[in-house]
Amino acid sequence: MTRIILIRPLVKDFSVIVLDHYPERTRQIILALRKADIRHTVAPAHNLSHHIESATKMFVGAMTMTTDQKMVAPTGTAGTVSLCHHHHIPVHLFANSLHYSQGDSAHQLIYKE
């Protein structure tokens, strides 16, 4: 479940660009943004280059973090992060503490079939 908690009234006016990677997750984010009355735009992930000029920060959620401080994230995240780095947009990583892996990235089975 996605929750947006506002501790105090917003001082700065802002809007959010939601990249549509996964329909169910995108729907949850949109509902949370609407409930918090935050302006937002939904764009396909491959369309980010058309919105990048208006971005000032990127927030990405990791599916898991490994002990050697590598992140496992959804497909397409590396390209999105690279585009942000190219445009000098800071990237902030968030991970649920329950999603930390017990092993390092070399021992993950994410590339093996």
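Everything here concerns the structure above.
Report follows, based on the coordinates.

What counts and what doesn't
- Residues numbered from 1 in each chain as written.
- Predicted model: local features only at pLDDT ≥ 70, side-chain atom pairs only at ≥ 80, totals over all residues.
- Heavy atoms only, no water.
- Helix = DSSP H or I, 4+ residues; strand = E, 2+ residues; numbered from the N terminus.
- Contact = heavy atoms within 4.5 Å.
- Core = buried A, V, L, I, M, F, W, Y, C linked by side-chain atoms within 4.5 Å.
- Buried < 20%, exposed > 50% of the residue type's maximum accessible area, 1.4 Å probe, protein only.

This part covers the side chain of Thr26. The residue Thr26 is located in helix H1 (residues 23–35) in this model. With residues up to four places along the chain from it excluded, the contact list for Thr26 reads Val18, Leu19, Asp20, His21 and Val42.

So, on to the environment of Pro44. Its location among the elements puts Pro44 in strand S2 (residues 39–44). Pro44 sits 22 residues away from Tyr22 along the chain, and the two C-alpha atoms are 9.8 Å apart. Once residues lying within four places of it in the same chain are set aside, the contact partners of Pro44 are Leu19 and Asp20.

For the rest of this paragraph, the subject is the nonpolar core. Of all hydrophobic cores here, the largest spans 8 residues; its members are Leu19, Leu48, Ile52, Met58, Val60, Val81, Cys84 and Ile89. Only strand S3 (58–61) and helix H2 (77–86) provide two or more residues apiece to this core.

From the geometry alone we can't say anything about function, so treat these as descriptive.
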